[in-house]
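# Structure at a glance
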Amino acid sequence: MHGQAENSGPGGYAAARLRLLNEKARSGPPRRSALAGLTDDWLAGLFAAGAPGARGVSLVAVGGYGRAELSPRSDLDLLLLHDGSATGAVSALADRLWYPVWDLGLALDHSVRTPAEARRTAGEDLKVQLGLLDARHIAGDLGLTTALRTTVLADWRNQAPKRLPALRELCEERAARQGELQYLLEPDLKEARGGLRDVTALRAVAASWLADAPREGLAEARSGLLDVRDALHLTTGRATDRLALQEQDQVAAELGLLDADALLRQVYEAARVIAYAGDVTWREVGRVLRSRSVRPRLRAMLGGGKPAPERSPLAEGVVEQDGEVMLARAARPDRDPVLPLRAAAAAAQAGLPLNLHAVRRMAAGARALPSPWPAEARQQLLTLLGSGRPTVDVWEALEAEGLISLLLPDWDRVRCRPQRNAVHLWTVDRHLIETAVRASAFTRRVSRPDLLLIAALLHDIGKGWPGDHSVAGEVIARDVAARIGFDPADVTVVATLVRHHLLLVETATRRDLDDPATVRSVAEAVGSPGTLELLHALTEADALATGPAAWSSWRAALVADLVKRVSAVLAGQTPPDPEEALPTAQHERLALEAVATGAPVLSLRAQTEPAAEPSDDPEPLGVELLIAVPEQAGVLPAVAGVLAMHRLTVRTAELRSLDLPDGVDGSVLLLDWRVAAEYGSLPQAARLRADLVRALDGSLDISARLAERDAAYPRRRGVVAPPPRVTVAPAASRHATVIEVRAQDAPGLLFRIGRALEDAAVRVRSAHVSTLGANAVDAFYVTQEQGVPLPGEEAVAVARKLEEALRA
């Protein structure tokens, strides 16, 4: 064995190992193989020194070490195998092997067993059996190792019909626990679905001879994930498989990649190949096991012979056979360019998977569709997109073989593109498909479901380009829609939907809907009632496909209110001026009580959405908080601070002076806010009022209380948030200046903003608070003391001061 004498001692091995890991010229599979070889030599030397000329005992590498896949911080999985003839000597040999490994600080997973014990343990523990399938001889009695390998493999093949379902269940449990590697921002390279554990499971399936995984690209995907794990071990110095956010830039640099996004995209590509191979393989395992259980009964009934599989036609050139969608024998992919879309649409409509060999046959003979597409191709694409949840698996099958890129070349820019926002559950491409799935449920509520589905597919297509993705997406969507075969008027509608797909939710949550300028600006952008109807459905589908934090009853109610107002404008009605709004009887009652007592007066009332069905309970939208305060300085930061102390999230906040009836002296500030409990139940109104009184008279130090609460929570390492940004929204309102704040959400953020605006000597007329994940995007309607908008230069100066205060 090469280098055995040099590396037999711990010091020699440690030095050689360090030199190898520091060699920049050698990485990837060559380094892993060299590290395994170096470790083999060292352990063989230890074995030879502890059992010179021993018979009936051998040292065996299992698991990842057995596959020679040693990453810098990998465990050493070792089995000391013996025939039972000299137990005491074997125990002493084990000590001579294990202790040097521990002395070097290497993780060790070890066992000492006879072949019978190893075989029995494998029969009881599936994970042990999987490790033994990769058993590799290191030193000692080669015949003993070979016999064990042969026996374990024979047992595995004999027991496969029972053990493979258990292995599949193990994989599914792990996937449910760890998530899908191809979508996670901090993935576990080993345990998540599509990770290294799944490759090991696919190897075990292949070893059973019952089925085999699609081999194309699988070895490269596995090697790519191992390369990332090597770099992760080297940069962190730890035995970890989790690719944490704070380590991604360093790992990317170690691999020579541009940035962390390029790293994640490479990981996602590999995971997608592995996950798809797993889907195909487990489907084939199920088919084989089903056929084995049915065939003996059929043979008994038919008197022997193998029955021909039934083939049911689904579409021209497309049939169903054995639970999969396949090509008819007469199908000619090279002469039928619409066949991939026709087969995909038929599969999605039937809720069946596309057969792997059928997809590969179509990919081999596929050619680009003419521009514009034939009408059938467009209809088949729309049928596929409108099929609901089955669309996802069928689309992934087409994408795995390159057919989506052939049909939609712009797709490559969003394929596996990560979204570094905790609100998003998916990569850009999967989000687009999820949006189409969600939109398919809304096709009965719009007059042009075809335009809704295409807009859903394309609404974020601009995220593969620099700049505003909505602006870039509009250009791409216009080109794609024309190429697919829509007429110029429809192309314009699709482009408008893509350009303004965020318009409704952003306006509804960040603007004053009582301001006519708000409603008119949306009406001008949308242009027609039909486009508004489509945009409303697209907005909801997009939010639902983003994640649970992006849509709620509150947002849905605000968007519906905005749509109703815009519909009225598009129908020729004039929105009422906000100054015409009169105080209600409750407002006047609270105002009079505030004047009489000289103190704040509160009212809390739950807001609910009507139930969808008469039997359903109404869904909570939050709580309306009405506060009447004798007019004075510092009301906004005081109220915001008290609500933050009580863990109440502010959604909207309106502030205005209230004219009192004749004969009543004084003026009152009325605050009409929508709030929601962060968790738990709402505080009592009396407690809120008491704290607000103390905040206004200066006896309650809100800043100190919020700082104490913040300090009580342990700090987690993570990505440093970008600095706050404050801008003036141009021409957003005739009645006020709109200042937008984008910042990291944190307890007391609204308190700090309110205090800064008070210091700037401006009046806050209303505030519209929107939080998506860790990001707050708040809009404040401010005026001068006289109630008029700020001059341009003054508005910019206020925004600059506010930004400086938030960055401090």
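Predicted model only: the values in this text are computed from it and were never measured.

Cut-offs applied
Counting from 1, residues in each chain are numbered in the order their sequence is written. For a predicted model such as this one, the threshold for reporting local features is a pLDDT of at least 70, and the threshold for listing and counting side-chain atom pairs is 80 or more; totals across whole chains, interfaces and linings nevertheless cover every residue. With hydrogens and water set aside, each side-chain value is computed from the structure's full complement of heavy atoms. Secondary structure elements are defined from DSSP: runs of H or I of at least 4 residues count as helices, runs of E of at least 2 residues count as strands, and each element is numbered from the N terminus. Only protein chains enter the accessibility calculation, which uses a 1.4 Å probe; a residue is then buried when its area is under 20% of its type maximum, exposed when over 50%, and partly exposed in between. Should any heavy atoms of two residues lie within 4.5 Å, those residues are counted as being in contact. Calculation of accessible area relied on Shrake-Rupley with a 1.4 Å probe; when residues are assessed, cover is drawn exclusively from the protein chains displayed. Aromatic rings from Phe, Tyr and Trp, with only the six-membered ring used for Trp, were paired whenever their centres fell within 6.5 Å, and each pair was classed as stacked if the ring planes differed by under 30 degrees, edge-to-face if by over 60, and tilted otherwise. We treat two strands as partners when DSSP finds at least two bridges between them. Simply put, an axis is a line fit to the C-alpha atoms, just over the touching stretch for a helix, and the angle between two N-to-C directions goes from 0 to 180 degrees. pLDDT expresses how confident the predictor is about each individual residue, on a scale running from 0 to 100. What sets the label is the angle itself: under 35 degrees gives roughly parallel, over 145 gives roughly antiparallel, 65 to 115 gives roughly perpendicular, and the rest give oblique. Should the near helix be turned anticlockwise from the far one by less than a right angle, the crossing is termed left-handed; should it be turned clockwise, right-handed. Amino acids are sorted into nonpolar (Ala, Val, Leu, Ile, Met, Phe, Trp, Tyr, Cys and Pro), charged (Asp, Glu, Lys and Arg) and polar (every other residue, Gly among them). We call a set of buried residues a nonpolar core when its members are Ala, Val, Leu, Ile, Met, Phe, Trp, Tyr or Cys and they connect through side-chain atoms within 4.5 Å of each other. Residues enter patches when their relative accessible area tops 30% and they take part in no salt bridge; the joining distance is 9 Å for like charges and 5 Å for the nonpolar side chains Val, Leu, Ile, Met, Phe, Trp and Tyr. Salt bridge, as applied in this entry: a Lys or Arg side-chain nitrogen positioned within 4 Å of an Asp or Glu carboxyl oxygen. Only four residue types enter the tally: Lys and Arg on the positive side, Asp and Glu on the negative side; His and the chain ends are excluded. Where a charge sits is defined by one atom per residue type, namely NZ (Lys), CZ (Arg), CG (Asp) or CD (Glu).

So, on to the overall build of the chain. Check the secondary structure of the chain and you find 31 helices and 15 strands. When the backbone C-alpha atoms are referred to their principal axes, the chain occupies close to 110 × 70 × 50 Å. Here the chain holds 808 residues, and the buried ones make up 51% of them. Excluding contacts between residues fewer than 6 apart, the proportion of contacts in the chain whose partners are at least 24 apart in sequence is 70%. Surface summary for the chain: the accessible area is close to 36,500 Å², and the carbon and sulfur share equals 52%.

Before going further, it helps to examine the packing of aromatic side chains. The final tally for this structure, using the stated rule, is four aromatic pairs. Judged by centre distance (4.9 Å) and plane angle (90°), the rings of Tyr183 and Trp426 are edge-to-face. With Tyr183 in the loop between helix H8 (142-178) and helix H9 (196-208) and Trp426 in the loop between helix H17 (403-407) and helix H18 (428-440), this pair connects stretches of sequence that are 243 residues apart. In this structure Tyr183 comes out as buried when scored by relative accessible area, which is 8%.

The next point concerns the sheet that holds strand E7 (residues 324-327). Taken in spatial order, the three strands of this open sheet run E5-E6-E7, and their pairing is antiparallel. Each end of this open sheet is capped by a strand with a single partner; those strands are strand E5 (311-315) and E7. Strand after strand, the sheet turns through a mean of 40° between neighbouring axes, direction not considered. Here strand E6 (residues 318-321) runs beside E7; their pairing, made up of four bridges, is antiparallel. For Val318, the partnering residue across the bridge sits in E7 and is Leu327. Against the sheet, helix H13 (residues 339-350) engages E5, E6 and E7, with an angle of about 40° to E6.

Further remarks concern unusual backbone geometry. Of note, the amide linkage connecting Ser371 to Pro372 takes the cis form, showing an omega dihedral of 0°. Structurally, Pro372 can be placed in the loop between helix H14 (356-365) and helix H15 (375-385). Positive phi is not limited to glycine here, since Ala68 has a value of about 60°. The residue Ala761 is not glycine, and still its phi comes out positive at about 60°. If you trace the backbone, Ala761 turns up in the loop between helix H30 (749-759) and strand E14 (763-772).

For the rest of this paragraph, the subject is the confidence of the model for the chain. Predicted confidence across the chain gives a mean pLDDT of 88, with 91% of residues reaching 70 or more. No element of the chain has a lower mean pLDDT than helix H1 (residues 4-7), at 46, and none a higher one than helix H21 (residues 488-499), at 98. In the predicted structure, residues 1-6 sits below a pLDDT of 50 and forms nine contacts with residues beyond four places in sequence or in another chain. Taken together, the stretch residues 610-620 has pLDDT below 50 and engages in 12 contacts with residues farther than four places along the chain or on a different chain.

Okay, the packing of helix H19 (residues 449-458) against helix H24 (residues 529-546) next. Interhelical geometry of H19 versus H24 gives an angle of 45° and a closest axis separation of 10 Å. It follows from the interaxial angle that H19 and H24 lie oblique. Relative to H24, H19 is oriented so that their crossing is right-handed. Judged by residue contacts, Leu451, Leu452, Ala455 and Ala456 of H19 engage Leu534, Ala537 and Leu538 from H24. Split by residue class, the contact of H19 with H24 holds seven nonpolar, no polar and no charged.

Turning our eyes to something else, we now look at the nonpolar core. Core analysis: the biggest nonpolar cluster contains 94 residues, and Leu354, Trp373, Trp395, Trp411 and Ile454 have the highest contact counts within it. Trp373 has contacts with Leu341, Arg378, Leu381, Leu407, Leu408, Arg483, Ile484 and Gly485, leaving out every residue within four places of it along the chain. Ranked by size, the runner-up nonpolar core spans 53 residues in total, among them Ile627, Val650, Leu688 and Leu750.

Now for the pairing of strand E3 (residues 108-113). Bridge count between strand E2 (residues 76-82) and E3: six bridges; the pairing is parallel. In the sheet register, Leu76 faces E3, and the bridge partner there is Leu108.

A surface patch of like charges, here negative, comprises Glu631, Glu758, Asp759 and Glu785. On the secondary structure map, Asp759 appears in helix H30. Overall, the relative accessible area of 65% leaves Asp759 in the exposed class.

With that settled, consider the pattern of salt bridges. Here the structure, examined in full by the defined rule, presents 50 salt bridges. With its nearest N and O atoms 2.8 Å apart, the salt bridge here joins Asp134 to Arg67. Here Asp134 is found in the loop between helix H7 (126-133) and strand E4 (136-140), whereas its partner Arg67 is found in the loop between helix H4 (63-66) and E2, with 67 residues between them in sequence. The burial state of Asp134 is the same as that of Arg67; both residues are buried. Residue Arg674 pairs with Asp672 through a salt bridge whose shortest N-O separation is 2.8 Å. Residues joined in a network through salt bridges with shared partners are Arg67, Glu69, Asp134, Arg203 and Arg222.

Now for the packing of helix H23 (residues 516-526) against helix H25 (residues 553-570). Between H23 and H25, the least distance of the axes is 9 Å, while the angle of their chain directions is 70°. When the axes of H23 and H25 are compared, the pair comes out roughly perpendicular. Where H23 approaches H25, its residues Val519, Val522 and Ala523 are matched on the opposing element by Leu562, Arg565, Val566, Val569 and Leu570.

This brings us to the side chain of Ser208. Structurally, Ser208 can be placed in helix H9. Overall, the relative accessible area of 4% leaves Ser208 in the buried class. Apart from residues lying up to four places away in sequence, Ser208 is in contact with Trp156, Arg157, Ala160 and Leu164.

Side chains that are three or four residues apart share a direction in an α-helix, a result of its 3.6 residues per turn. Listed as buried for H30 are Leu749, Leu750, Phe751, Ile753, Gly754, Ala756 and Leu757. Trailing H30 by a residue or two, Ala761 shows a phi angle of about 60°, which is positive.

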